[in-house]
Amino acid sequence: MRPTLQYLERQYETLNKQCFQGLLPTVRIQLSKARTYLGQLGYKRRRKLLGGWEYYDYVIRISTRMDQKEEEVTDTLLHEMIHLYIAVNHLKDSSSHGPLFRQIMNNINTRYDRHITISHHRTKEELEQDTQQRTHLICISTFSSGEHGITIVARSRIFLLWDQLRRFPKVTSTQWYVSQDAFFNRYPRSQTPKIYRINDNDLEIHLKDARPLIRKDGKIYVGK
């Protein structure tokens with residue numbers, strides 16, 4: 001399913017009463033087309049007169065890009081509601097998903113037979129649903145073992161990563177391409193040197209229509 005705003009607002013009210021004793025405030029819920037997250041808690045902050053920060057204007061964003069099961073949508077909403085509960089009650093945790101978050105998550109999962117998780121790993125079916133056309137700047141790294149890796153590079157970081165990726169441990173060479181093949185949507189856009197393994201068959205198929213990138217005289221050109 002791809003939830004509607006009305007559905008999420010009703011679910012929020014029901015889950016607030018069921019899992020949080022109705023203690024959460026009413027917050028805005030927004031639908032998103034994001035491909036990098038399923039759910040996200042947003043807020044603004046301002047400095048208090050006597051020091052410290054005040055957080056306000058909370059909003060929960062739920063991505064509708066992927067078609068999911070209803071229970072997965074609900075668990076995503078609950079995940080963000082836990083973040084909200086910790087934030088509005090000014091509770092301290094060691095990290096975004098620290099011991100306190102995990103304790104609340106496990107309590108809800110056990111008591112209400114939910115399946116909230118720390119992170120969501122997209123299935124093969126979900127990855128294949130993302131067919132939106134976008135431009136990818138691609139670095140293919142060859143390792144000393146003969147295996148290949150891929151990095152989809154953020155446009156603002158291409159010069160930095162052009163130098164850093166070729167110095168990555170055990171990388172013997174790098175080749176750069178530009179492509180609009182939707183297959184590459186499944187990889188995150190990197191701003192730091194990260195390399196993901198990719199098999200040769202996928203490379204042969206999906207780089208077929210890619211064009212090489214050439215760096216010369218401090219500029220990057222699209223080759224033929």
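This text follows the structure it describes.
A short tour of the structure in this document, coming up. (Residues numbered from 1 in each chain as written. Predicted model: local features only at pLDDT ≥ 70, side-chain atom pairs only at ≥ 80, totals over all residues. Heavy atoms only, no water.)

Things to note about a nonpolar patch on the surface
Together, Tyr43, Trp53 and Tyr55 make up an exposed nonpolar region whose accessible area comes to about 300 Å². Considering the arrangement of structural elements, one finds tyrosine 55 in strand β3 (residues 53-63). (Patch = residues over 30% accessible without salt bridge, like charges linked within 9 Å, V, L, I, M, F, W, Y side chains within 5 Å. Areas by Shrake-Rupley, 256 points an atom, 1.4 Å probe, with all protein chains shown as cover. Salt bridge = Lys/Arg side-chain N within 4 Å of Asp/Glu carboxyl O. Helix = DSSP H or I, 4+ residues; strand = E, 2+ residues; numbered from the N terminus.)

Concerning the packing of helix α1 (residues 5-20) against helix α2 (residues 70-88)
Direction vectors running N to C along α1 and α2 enclose 60°, while the axes themselves pass 10 Å from each other. Put simply, α1 runs oblique to α2. In terms of crossing hand, the pair formed by α1 and α2 is right-handed. Where α1 abuts α2, its residues Tyr7, Leu8, Gln11, Tyr12, Leu15, Asn16, Cys19 and Phe20 lie against Glu70, Val73, Thr74, Leu77, Leu78, Met81, Ile82, Leu84 and Tyr85. Across the contact of α1 with α2, the residue classes break down as 13 nonpolar, 3 polar and 1 charged. (Axes fitted to C-alpha atoms, helices over the stretch in contact; angles between N-to-C directions. Parallel < 35°, antiparallel > 145°, perpendicular 65-115°, else oblique. Left-handed = near helix turned anticlockwise from the far one by under 90°. Contact = heavy atoms within 4.5 Å. Nonpolar A, V, L, I, M, F, W, Y, C, P; charged D, E, K, R; others polar.)

Some remarks on the pairing of strand β6 (residues 171-179)
Direction of pairing for strand β4 (residues 136-143) relative to β6: antiparallel, over a ladder of 8 bridges. Bridging across to β6, cysteine 139 finds its partner in tryptophan 176. (Pairing = 2+ DSSP bridges.)

Coordinates in, geometry out; function isn't part of it.
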